[in-house]
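Chain by chain, the residues run as shown.
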Amino acid sequence: MDEEVIEISDSEREETESTSEMDVELTEQQTADAEQIVPKDAGTIAEEKKKLGNDQYKAQNYQNALKLYTDAISLCPDSAAYYGNRAACYMMLLNYNSALTDARNAIRIDPSFEKAYVRVAKCCLALGDIIGTEQAVKTVAELNAQSTAVSGEEAAAQKLRQLETTIQTNYDSKAYRNVVYYLDSALKLAPASIRYRLLKAECLAYLGRCDEALDIAVGVMKLDSTSADAIYVRGLCLYYTDNLEKGILHFERALTLDPDHYKSKQMRSKSKQLKEMKENGNMLFKSGRYREAHVIYTDALKIDEHNKDINSKLLYNRALVNTRIGALREAVADCSRVLELNSQYLKALLLRARCHNDLEKYEEAVADYETALNLEKTTEIKRLLREAKFALKKSKRKDYYKILGIGRNPTEDEIKKAYRKKALVHHPDRHANSSAEERKEEELKFKEVGEAYAILSDARKKARYDSGQDIEEQEQADFDPNQMFRSFFQYQNGRNASFNFEF
(Lines give C-alpha, C1' and ligand atoms only; values in the text may rest on other atoms or scores of the structure.)
Protein backbone atom coordinates (compact mmCIF):
# COMPACT_ATOMS: atom_id res chain seq x y z
CA MET A 1 0.00 0.00 0.00
CA ASP A 2 1.25 3.23 -1.13
CA GLU A 3 2.07 5.76 1.67
CA GLU A 4 -0.15 8.85 1.49
CA VAL A 5 1.67 12.08 0.86
CA ILE A 6 0.39 14.93 2.95
CA GLU A 7 0.98 18.35 1.59
CA ILE A 8 1.28 21.38 3.90
CA SER A 9 0.06 24.73 2.82
CA ASP A 10 2.18 27.84 3.23
CA SER A 11 0.03 29.17 6.05
CA GLU A 12 0.28 25.92 7.92
CA ARG A 13 4.09 25.87 7.48
CA GLU A 14 4.48 29.38 8.95
CA GLU A 15 2.34 28.44 11.93
CA THR A 16 4.41 25.32 12.56
CA GLU A 17 7.75 27.22 12.43
CA SER A 18 6.42 29.88 14.79
CA THR A 19 5.28 27.26 17.26
CA SER A 20 8.70 25.58 17.06
CA GLU A 21 10.51 28.82 17.85
CA MET A 22 8.23 29.50 20.78
CA ASP A 23 8.92 26.03 22.15
CA VAL A 24 12.68 26.77 22.08
CA GLU A 25 12.20 30.04 23.91
CA LEU A 26 10.13 28.35 26.56
CA THR A 27 12.78 25.69 26.98
CA GLU A 28 15.55 28.31 27.62
CA GLN A 29 13.37 30.19 30.06
CA GLN A 30 12.50 26.99 31.82
CA THR A 31 16.19 26.19 32.10
CA ALA A 32 16.95 29.60 33.62
CA ASP A 33 14.06 29.22 36.01
CA ALA A 34 15.32 25.80 36.97
CA GLU A 35 18.77 27.22 37.75
CA GLN A 36 17.23 29.84 39.97
CA ILE A 37 15.19 27.25 41.77
CA VAL A 38 18.19 24.85 42.14
CA PRO A 39 21.44 27.00 42.07
CA LYS A 40 24.97 25.55 42.02
CA ASP A 41 26.09 24.64 45.53
CA ALA A 42 29.21 26.24 47.15
CA GLY A 43 31.20 23.04 46.82
CA THR A 44 30.65 22.95 43.07
CA ILE A 45 31.67 26.57 42.61
CA ALA A 46 34.69 26.05 44.89
CA GLU A 47 35.76 23.08 42.83
CA GLU A 48 35.48 25.15 39.66
CA LYS A 49 37.59 27.87 41.30
CA LYS A 50 40.17 25.27 42.27
CA LYS A 51 40.34 23.92 38.71
CA LEU A 52 40.79 27.42 37.32
CA GLY A 53 43.45 28.01 39.96
CA ASN A 54 45.25 24.86 38.86
CA ASP A 55 45.24 26.13 35.28
CA GLN A 56 46.75 29.44 36.37
CA TYR A 57 49.31 27.65 38.55
CA LYS A 58 50.43 25.49 35.60
CA ALA A 59 50.75 28.65 33.52
CA GLN A 60 52.93 30.10 36.32
CA ASN A 61 50.45 32.91 36.95
CA TYR A 62 50.81 32.43 40.68
CA GLN A 63 49.10 35.63 41.82
CA ASN A 64 45.99 34.74 39.79
CA ALA A 65 46.11 31.18 41.07
CA LEU A 66 46.42 32.49 44.64
CA LYS A 67 43.24 34.55 44.31
CA LEU A 68 41.28 31.61 42.88
CA TYR A 69 42.47 29.24 45.63
CA THR A 70 41.54 31.85 48.23
CA ASP A 71 38.04 32.10 46.70
CA ALA A 72 37.72 28.32 46.85
CA ILE A 73 38.75 28.29 50.55
CA SER A 74 36.22 31.06 51.32
CA LEU A 75 33.50 28.91 49.74
CA CYS A 76 34.68 25.69 51.28
CA PRO A 77 36.95 26.34 54.31
CA ASP A 78 37.07 22.69 55.37
CA SER A 79 38.87 21.39 52.30
CA ALA A 80 42.41 20.23 53.06
CA ALA A 81 43.17 20.06 49.31
CA TYR A 82 42.42 23.76 48.79
CA TYR A 83 44.77 24.77 51.62
CA GLY A 84 47.38 22.41 50.20
CA ASN A 85 47.11 23.98 46.75
CA ARG A 86 47.34 27.48 48.12
CA ALA A 87 50.37 26.46 50.21
CA ALA A 88 52.08 25.28 47.01
CA CYS A 89 51.25 28.61 45.39
CA TYR A 90 52.66 30.60 48.31
CA MET A 91 55.84 28.56 48.09
CA MET A 92 56.28 29.53 44.46
CA LEU A 93 55.91 33.17 45.54
CA LEU A 94 58.59 32.54 48.23
CA ASN A 95 56.09 33.40 50.97
CA TYR A 96 57.07 30.48 53.19
CA ASN A 97 55.36 31.69 56.35
CA SER A 98 51.95 31.84 54.67
CA ALA A 99 52.64 28.54 52.91
CA LEU A 100 53.48 26.92 56.26
CA THR A 101 50.27 28.22 57.81
CA ASP A 102 48.19 26.79 54.95
CA ALA A 103 49.99 23.44 55.02
CA ARG A 104 49.34 23.14 58.76
CA ASN A 105 45.68 24.05 58.23
CA ALA A 106 45.48 21.26 55.68
CA ILE A 107 46.94 18.83 58.26
CA ARG A 108 44.48 20.06 60.88
CA ILE A 109 41.62 19.16 58.53
CA ASP A 110 43.21 15.93 57.29
CA PRO A 111 45.97 14.54 59.57
CA SER A 112 46.82 11.90 56.96
CA PHE A 113 47.47 14.42 54.15
CA GLU A 114 51.00 13.36 53.15
CA LYS A 115 51.60 16.18 50.65
CA ALA A 116 50.84 18.74 53.34
CA TYR A 117 53.59 17.28 55.56
CA VAL A 118 55.97 17.42 52.60
CA ARG A 119 55.20 21.12 52.20
CA VAL A 120 55.65 21.69 55.93
CA ALA A 121 59.11 20.10 55.69
CA LYS A 122 60.08 22.28 52.71
CA CYS A 123 58.80 25.48 54.34
CA CYS A 124 60.45 24.77 57.69
CA LEU A 125 63.75 24.11 55.94
CA ALA A 126 63.52 27.34 53.93
CA LEU A 127 62.82 29.23 57.16
CA GLY A 128 65.74 27.59 58.98
CA ASP A 129 63.50 25.64 61.39
CA ILE A 130 65.50 22.42 61.74
CA ILE A 131 63.27 20.84 64.39
CA GLY A 132 60.11 21.57 62.37
CA THR A 133 61.74 20.04 59.28
CA GLU A 134 62.80 16.89 61.15
CA GLN A 135 59.34 16.41 62.68
CA ALA A 136 57.62 16.72 59.28
CA VAL A 137 60.12 14.29 57.71
CA LYS A 138 59.42 11.78 60.48
CA THR A 139 55.63 12.02 59.97
CA VAL A 140 55.97 11.49 56.20
CA ALA A 141 57.97 8.32 56.91
CA GLU A 142 55.26 7.13 59.32
CA LEU A 143 52.52 7.75 56.75
CA ASN A 144 54.49 6.20 53.88
CA ALA A 145 57.62 4.25 54.65
CA GLN A 146 58.46 4.07 50.92
CA SER A 147 58.23 7.81 50.33
CA THR A 148 61.31 9.68 49.09
CA ALA A 149 59.50 13.01 48.82
CA VAL A 150 61.45 14.60 51.67
CA SER A 151 64.81 12.81 51.44
CA GLY A 152 66.43 16.02 50.22
CA GLU A 153 64.99 18.01 53.11
CA GLU A 154 66.16 15.37 55.57
CA ALA A 155 69.75 15.56 54.30
CA ALA A 156 69.65 19.37 54.19
CA ALA A 157 68.40 19.54 57.80
CA GLN A 158 71.31 17.37 58.94
CA LYS A 159 73.79 19.59 57.10
CA LEU A 160 72.14 22.70 58.53
CA ARG A 161 72.47 21.33 62.06
CA GLN A 162 76.21 20.76 61.51
CA LEU A 163 76.58 24.28 60.09
CA GLU A 164 74.85 25.81 63.10
CA THR A 165 77.36 24.15 65.43
CA THR A 166 80.26 25.48 63.35
CA ILE A 167 78.70 28.95 63.18
CA GLN A 168 78.23 29.11 66.94
CA THR A 169 81.82 28.00 67.60
CA ASN A 170 83.22 30.70 65.33
CA TYR A 171 80.84 33.33 66.71
CA ASP A 172 81.91 32.57 70.28
CA SER A 173 85.58 32.96 69.27
CA LYS A 174 84.76 36.22 67.42
CA ALA A 175 85.91 34.77 64.08
CA TYR A 176 83.29 36.84 62.29
CA ARG A 177 84.62 36.34 58.77
CA ASN A 178 84.22 32.60 59.22
CA VAL A 179 80.72 33.11 60.60
CA VAL A 180 79.72 35.06 57.49
CA TYR A 181 81.20 32.36 55.26
CA TYR A 182 79.29 29.53 56.96
CA LEU A 183 76.10 31.58 57.15
CA ASP A 184 76.20 32.00 53.37
CA SER A 185 76.24 28.21 53.11
CA ALA A 186 73.35 27.97 55.57
CA LEU A 187 71.33 30.56 53.63
CA LYS A 188 71.63 28.51 50.47
CA LEU A 189 69.74 25.75 52.32
CA ALA A 190 67.44 28.12 54.25
CA PRO A 191 67.06 31.23 52.06
CA ALA A 192 64.11 32.63 54.05
CA SER A 193 65.73 32.40 57.48
CA ILE A 194 65.47 35.82 59.11
CA ARG A 195 67.62 34.58 61.99
CA TYR A 196 70.52 33.66 59.69
CA ARG A 197 70.22 36.92 57.74
CA LEU A 198 70.32 39.09 60.85
CA LEU A 199 73.20 37.12 62.37
CA LYS A 200 75.11 37.67 59.13
CA ALA A 201 74.28 41.39 59.28
CA GLU A 202 75.54 41.56 62.87
CA CYS A 203 78.86 39.97 61.90
CA LEU A 204 79.20 42.25 58.87
CA ALA A 205 78.81 45.22 61.23
CA TYR A 206 81.59 43.83 63.45
CA LEU A 207 83.77 43.55 60.34
CA GLY A 208 83.13 47.19 59.43
CA ARG A 209 80.90 46.35 56.44
CA CYS A 210 78.08 48.47 57.81
CA ASP A 211 76.47 49.35 54.47
CA GLU A 212 75.83 45.66 53.74
CA ALA A 213 74.65 45.04 57.29
CA LEU A 214 72.27 48.00 57.14
CA ASP A 215 70.71 46.80 53.87
CA ILE A 216 69.88 43.46 55.48
CA ALA A 217 68.47 45.04 58.66
CA VAL A 218 66.29 47.52 56.75
CA GLY A 219 65.03 44.71 54.48
CA VAL A 220 63.90 42.72 57.50
CA MET A 221 62.31 45.80 59.11
CA LYS A 222 60.20 46.29 55.97
CA LEU A 223 58.78 42.83 56.55
CA ASP A 224 58.48 43.26 60.30
CA SER A 225 58.88 46.74 61.79
CA THR A 226 58.71 45.27 65.31
CA SER A 227 61.70 42.96 64.91
CA ALA A 228 63.91 43.73 67.92
CA ASP A 229 66.83 41.88 66.31
CA ALA A 230 66.62 43.96 63.12
CA ILE A 231 66.40 47.22 65.09
CA TYR A 232 69.39 46.08 67.17
CA VAL A 233 71.47 45.45 64.04
CA ARG A 234 70.55 48.85 62.65
CA GLY A 235 71.65 50.40 65.96
CA LEU A 236 74.89 48.43 65.72
CA CYS A 237 75.59 49.93 62.29
CA LEU A 238 75.05 53.43 63.69
CA TYR A 239 77.32 52.64 66.63
CA TYR A 240 80.13 51.42 64.35
CA THR A 241 79.92 54.55 62.20
CA ASP A 242 80.37 56.83 65.24
CA ASN A 243 76.71 57.82 65.47
CA LEU A 244 76.47 56.94 69.13
CA GLU A 245 73.35 58.92 70.01
CA LYS A 246 71.18 57.37 67.29
CA GLY A 247 72.65 53.97 68.07
CA ILE A 248 71.58 54.32 71.70
CA LEU A 249 68.04 55.24 70.59
CA HIS A 250 67.83 52.05 68.49
CA PHE A 251 69.07 49.86 71.35
CA GLU A 252 66.46 51.41 73.62
CA ARG A 253 63.74 50.82 70.99
CA ALA A 254 64.76 47.16 70.74
CA LEU A 255 64.55 46.86 74.53
CA THR A 256 61.07 48.40 74.49
CA LEU A 257 59.97 45.63 72.11
CA ASP A 258 61.92 42.95 73.96
CA PRO A 259 62.98 43.90 77.51
CA ASP A 260 65.17 40.79 77.72
CA HIS A 261 67.17 41.57 74.57
CA TYR A 262 70.61 40.97 76.07
CA LYS A 263 72.68 42.28 73.14
CA SER A 264 70.82 45.59 73.12
CA LYS A 265 71.38 45.99 76.86
CA GLN A 266 75.08 45.34 76.40
CA MET A 267 75.50 47.70 73.45
CA ARG A 268 73.46 50.49 75.04
CA SER A 269 75.76 50.41 78.06
CA LYS A 270 78.90 50.31 75.89
CA SER A 271 77.66 53.17 73.69
CA LYS A 272 76.87 55.41 76.65
CA GLN A 273 80.25 54.68 78.21
CA LEU A 274 82.15 55.46 75.00
CA LYS A 275 80.17 58.65 74.39
CA GLU A 276 80.87 59.91 77.90
CA MET A 277 84.59 59.08 77.85
CA LYS A 278 85.11 60.58 74.42
CA GLU A 279 83.44 63.83 75.46
CA ASN A 280 85.43 63.97 78.72
CA GLY A 281 88.71 63.38 76.90
CA ASN A 282 87.96 66.17 74.43
CA MET A 283 87.06 68.56 77.26
CA LEU A 284 90.31 67.80 79.12
CA PHE A 285 92.33 68.27 75.92
CA LYS A 286 90.76 71.66 75.18
CA SER A 287 91.44 72.82 78.73
CA GLY A 288 95.12 71.86 78.44
CA ARG A 289 94.96 68.95 80.88
CA TYR A 290 96.84 66.72 78.47
CA ARG A 291 97.99 63.92 80.76
CA GLU A 292 94.48 63.45 82.15
CA ALA A 293 93.11 63.41 78.59
CA HIS A 294 95.73 60.80 77.68
CA VAL A 295 94.46 58.50 80.45
CA ILE A 296 90.82 58.92 79.35
CA TYR A 297 91.57 58.22 75.68
CA THR A 298 93.64 55.16 76.61
CA ASP A 299 90.83 53.74 78.75
CA ALA A 300 88.25 54.46 76.03
CA LEU A 301 90.30 52.49 73.51
CA LYS A 302 89.86 49.37 75.66
CA ILE A 303 86.05 49.40 75.45
CA ASP A 304 85.57 47.93 71.97
CA GLU A 305 88.46 46.81 69.77
CA HIS A 306 86.09 46.26 66.83
CA ASN A 307 84.88 49.86 66.59
CA LYS A 308 87.44 51.00 64.04
CA ASP A 309 85.78 54.33 63.30
CA ILE A 310 85.64 55.53 66.90
CA ASN A 311 89.00 53.99 67.83
CA SER A 312 90.75 55.73 64.94
CA LYS A 313 89.47 59.06 66.25
CA LEU A 314 90.46 58.23 69.82
CA LEU A 315 93.96 57.26 68.66
CA TYR A 316 94.30 60.47 66.65
CA ASN A 317 93.23 62.51 69.67
CA ARG A 318 95.76 60.68 71.83
CA ALA A 319 98.44 61.33 69.22
CA LEU A 320 97.67 65.05 69.48
CA VAL A 321 98.00 64.80 73.26
CA ASN A 322 101.38 63.07 72.84
CA THR A 323 102.65 65.93 70.67
CA ARG A 324 101.65 68.39 73.43
CA ILE A 325 103.60 66.49 76.09
CA GLY A 326 106.63 65.93 73.85
CA ALA A 327 106.09 62.19 73.32
CA LEU A 328 106.67 62.35 69.57
CA ARG A 329 107.53 58.67 69.08
CA GLU A 330 104.33 57.68 70.86
CA ALA A 331 102.43 60.13 68.65
CA VAL A 332 103.91 58.48 65.54
CA ALA A 333 102.88 55.05 66.87
CA ASP A 334 99.30 56.24 67.46
CA CYS A 335 99.07 57.78 63.99
CA SER A 336 100.38 54.55 62.45
CA ARG A 337 97.64 52.60 64.25
CA VAL A 338 95.06 55.07 62.95
CA LEU A 339 96.26 54.53 59.39
CA GLU A 340 96.10 50.76 59.85
CA LEU A 341 92.41 51.18 60.70
CA ASN A 342 91.77 53.80 58.02
CA SER A 343 94.41 54.45 55.38
CA GLN A 344 92.46 57.52 54.16
CA TYR A 345 92.68 59.37 57.49
CA LEU A 346 94.40 62.52 56.19
CA LYS A 347 94.75 64.30 59.55
CA ALA A 348 96.63 61.35 61.03
CA LEU A 349 98.90 61.17 57.99
CA LEU A 350 99.79 64.86 58.22
CA LEU A 351 100.35 64.68 61.97
CA ARG A 352 102.67 61.70 61.57
CA ALA A 353 104.60 63.53 58.85
CA ARG A 354 105.03 66.52 61.16
CA CYS A 355 106.26 64.29 63.99
CA HIS A 356 108.70 62.52 61.65
CA ASN A 357 110.03 65.90 60.62
CA ASP A 358 110.47 67.00 64.25
CA LEU A 359 112.26 63.72 64.97
CA GLU A 360 114.56 64.46 61.98
CA LYS A 361 113.24 61.37 60.14
CA TYR A 362 113.03 63.31 56.93
CA GLU A 363 112.64 60.43 54.50
CA GLU A 364 109.58 59.20 56.44
CA ALA A 365 108.19 62.74 56.52
CA VAL A 366 108.57 63.09 52.73
CA ALA A 367 106.87 59.71 52.17
CA ASP A 368 103.90 60.73 54.35
CA TYR A 369 103.48 64.10 52.66
CA GLU A 370 103.59 62.46 49.22
CA THR A 371 100.85 60.03 50.30
CA ALA A 372 98.84 62.94 51.72
CA LEU A 373 99.18 64.84 48.43
CA ASN A 374 97.75 61.84 46.57
CA LEU A 375 94.74 61.92 48.89
CA GLU A 376 94.17 65.67 48.66
CA LYS A 377 96.03 68.02 46.34
CA THR A 378 96.10 71.29 48.29
CA THR A 379 98.52 74.21 48.23
CA GLU A 380 99.33 73.70 51.90
CA ILE A 381 100.30 70.03 51.48
CA LYS A 382 102.42 70.90 48.45
CA ARG A 383 104.26 73.50 50.56
CA LEU A 384 104.81 71.01 53.39
CA LEU A 385 106.15 68.45 50.93
CA ARG A 386 108.63 70.96 49.45
CA GLU A 387 109.87 71.87 52.93
CA ALA A 388 110.23 68.21 53.90
CA LYS A 389 112.22 67.46 50.74
CA PHE A 390 114.46 70.45 51.46
CA ALA A 391 115.01 69.26 55.04
CA LEU A 392 115.83 65.78 53.72
CA LYS A 393 118.36 67.24 51.32
CA LYS A 394 119.96 69.28 54.10
CA SER A 395 120.06 66.26 56.39
CA LYS A 396 122.17 64.33 53.92
CA ARG A 397 124.88 67.00 54.00
CA LYS A 398 127.55 67.08 56.68
CA ASP A 399 126.48 69.01 59.76
CA TYR A 400 129.43 71.36 60.14
CA TYR A 401 128.06 72.88 63.33
CA LYS A 402 127.85 69.45 64.88
CA ILE A 403 131.37 68.55 63.67
CA LEU A 404 132.80 71.62 65.45
CA GLY A 405 130.52 71.11 68.43
CA ILE A 406 128.93 74.58 68.30
CA GLY A 407 125.42 76.01 68.11
CA ARG A 408 123.62 77.27 65.01
CA ASN A 409 124.41 80.94 65.59
CA PRO A 410 128.09 81.05 66.65
CA THR A 411 130.30 84.13 66.71
CA GLU A 412 133.47 84.29 64.65
CA ASP A 413 135.53 83.82 67.77
CA GLU A 414 133.50 80.75 68.82
CA ILE A 415 134.11 79.17 65.41
CA LYS A 416 137.89 79.74 65.69
CA LYS A 417 138.10 78.37 69.22
CA ALA A 418 136.07 75.32 68.25
CA TYR A 419 138.32 74.62 65.25
CA ARG A 420 141.51 75.03 67.27
CA LYS A 421 140.28 72.56 69.87
CA LYS A 422 138.98 69.94 67.44
CA ALA A 423 141.94 70.19 65.04
CA LEU A 424 144.42 69.56 67.83
CA VAL A 425 142.40 66.55 69.04
CA HIS A 426 142.26 64.86 65.63
CA HIS A 427 145.59 65.90 64.04
CA PRO A 428 147.28 62.82 62.49
CA ASP A 429 150.60 63.45 64.34
CA ARG A 430 148.76 63.03 67.61
CA HIS A 431 147.79 59.48 66.60
CA ALA A 432 151.05 58.37 64.97
CA ASN A 433 151.34 55.42 67.32
CA SER A 434 147.71 54.25 66.92
CA SER A 435 146.56 51.33 64.77
CA ALA A 436 146.12 51.82 61.03
CA GLU A 437 142.35 51.75 61.42
CA GLU A 438 142.38 54.35 64.18
CA ARG A 439 144.78 56.58 62.22
CA LYS A 440 142.48 56.44 59.19
CA GLU A 441 139.44 57.35 61.31
CA GLU A 442 141.23 60.31 62.93
CA GLU A 443 142.48 61.55 59.56
CA LEU A 444 138.86 61.59 58.30
CA LYS A 445 137.70 63.53 61.36
CA PHE A 446 140.63 65.94 60.96
CA LYS A 447 139.60 66.60 57.38
CA GLU A 448 135.91 67.15 58.35
CA VAL A 449 136.95 69.64 61.04
CA GLY A 450 138.95 71.54 58.44
CA GLU A 451 136.01 71.52 55.99
CA ALA A 452 133.67 72.77 58.69
CA TYR A 453 135.97 75.65 59.54
CA ALA A 454 136.53 76.51 55.88
CA ILE A 455 132.78 76.84 55.31
CA LEU A 456 131.68 78.46 58.56
CA SER A 457 134.53 80.96 58.72
CA ASP A 458 133.68 82.26 55.23
CA ALA A 459 130.61 84.54 55.41
CA ARG A 460 129.54 83.85 51.81
CA LYS A 461 129.89 80.08 52.07
CA LYS A 462 128.27 80.03 55.51
CA ALA A 463 125.23 81.93 54.19
CA ARG A 464 124.84 79.51 51.29
CA TYR A 465 125.26 76.53 53.60
CA ASP A 466 122.69 77.89 56.08
CA SER A 467 120.18 78.50 53.27
CA GLY A 468 120.50 74.88 52.17
CA GLN A 469 122.44 75.52 48.97
CA ASP A 470 125.11 73.07 47.93
CA ILE A 471 128.75 74.07 48.21
CA GLU A 472 130.53 73.49 44.91
CA GLU A 473 132.13 70.10 44.82
CA GLN A 474 135.25 71.59 43.22
CA GLU A 475 135.87 73.80 46.25
CA GLN A 476 135.67 70.80 48.56
CA ALA A 477 137.79 68.62 46.27
CA ASP A 478 140.63 71.18 46.29
CA PHE A 479 140.52 71.49 50.08
CA ASP A 480 143.73 70.51 51.96
CA PRO A 481 143.15 70.08 55.73
CA ASN A 482 146.88 70.20 56.53
CA GLN A 483 147.30 73.47 54.68
CA MET A 484 144.25 74.82 56.54
CA PHE A 485 145.82 73.74 59.85
CA ARG A 486 149.20 75.36 59.12
CA SER A 487 147.63 78.55 57.85
CA PHE A 488 145.37 78.85 60.89
CA PHE A 489 148.11 78.42 63.49
CA GLN A 490 150.61 80.58 61.59
CA TYR A 491 148.04 83.33 61.49
CA GLN A 492 147.24 82.89 65.17
CA ASN A 493 150.93 83.03 66.16
CA GLY A 494 151.77 85.94 63.83
CA ARG A 495 153.05 85.95 60.25
CA ASN A 496 156.72 85.87 61.22
CA ALA A 497 156.37 83.51 64.18
CA SER A 498 157.73 80.05 63.91
CA PHE A 499 155.17 77.31 63.62
CA ASN A 500 155.17 75.52 66.97
CA PHE A 501 152.41 73.74 68.89
CA GLU A 502 152.12 70.90 71.38
CA PHE A 503 149.54 68.11 71.53
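Residues numbered from 1 in each chain as written. Predicted model: local features only at pLDDT ≥ 70, side-chain atom pairs only at ≥ 80, totals over all residues. Heavy atoms only, no water.

Turning next to unusual backbone geometry. Phi at Leu 94 is positive, roughly 65°, even though this residue is not glycine. Counting through the fold element by element, Leu 94 comes out in the loop between α4 (80–92) and α5 (96–109). Residue Leu 94 is classed as exposed on the basis of its relative accessible area, which comes to 59%. Unusually for a residue other than glycine, Lys 174 sits at a positive phi of about 65°. Along the polypeptide, Lys 174 turns up in the loop between α8 (151–172) and α9 (176–189). (Helix = DSSP H or I, 4+ residues; strand = E, 2+ residues; numbered from the N terminus. Buried < 20%, exposed > 50% of the residue type's maximum accessible area, 1.4 Å probe, protein only.)

In this section: the pattern of salt bridges. Between side chains of opposite charge, a pair can form as their charged atoms come close. This structure, assessed with the given rule, holds 28 salt bridges. One salt bridge connects Glu 47 with Lys 50, and the closest N-O pair in it is separated by 2.9 Å. Of this pair, Glu 47 and Lys 50 are both found in helix α2 (residues 42–58), three residues apart, which corresponds to roughly one turn of the helix. Residue Glu 47 is classed as partly exposed on the basis of its relative accessible area of 27%. Between Arg 195 and Glu 164 there is a salt bridge, with its nearest N and O atoms 2.8 Å apart. Of this pair, Arg 195 sits in helix α10 (residues 194–206) while Glu 164 sits in helix α8, placing them 31 residues apart in sequence. Looking at Glu 164, the relative accessible area reads 25%, which means it is partly exposed. (Salt bridge = Lys/Arg side-chain N within 4 Å of Asp/Glu carboxyl O.)

General note: in soluble globular proteins, nonpolar side chains tend to be found buried as a group. Within the largest apolar cluster, 84 residues are counted, with the highest numbers of intra-cluster contacts made by Leu 160, Tyr 196, Leu 236 and Leu 274. Sorting elements by how many residues they give to this core places helix α12 (residues 228–239) first, with eight residues. With 34 residues, the next largest nonpolar core counts Tyr 62, Ala 72, Tyr 82 and Cys 124 among its residues. (Core = buried A, V, L, I, M, F, W, Y, C linked by side-chain atoms within 4.5 Å.)

Across the protein chain, the average pLDDT comes to 87, with 87% of residues at or above 70. Segment residues 1–35 is flagged for pLDDT under 50; beyond a separation of four residues in sequence, or across chains, it makes two contacts in the model. Every residue in residues 495–503 is under pLDDT 50, and counting partners more than four places away or in other chains gives 13 contacts. (pLDDT = per-residue confidence, 0-100. Contact = heavy atoms within 4.5 Å.)

This part takes up α9. The first and last C-alpha atoms of α9 sit 20 Å apart over 14 residues, in line with the 20 Å expected at 1.5 Å per residue. Where α9 is concerned, the buried positions are Tyr 176, Val 179, Val 180, Leu 183, Ala 186 and Leu 187. Each buried residue of α9 lies within a common arc of 120° when the element is viewed along its axis, so the set occupies one face. In α9, the exposed positions angled more than 90 degrees off the buried face are occupied by Arg 177, Tyr 181 and Lys 188. The secondary structure elements touched by the buried residues of α9 are α8 and α10. (Expected span 1.5 Å × (residues − 1). Arc of directions from axis to C-beta.)

Looking now at the state of the cysteines. Tallied over the entire structure, the rule returns zero disulfides. A disulfide-free cysteine, Cys 335 has its sulfur positioned 5.8 Å from the sulfur of Cys 355, the nearest such atom. (Disulfide = S-S within 2.5 Å.)

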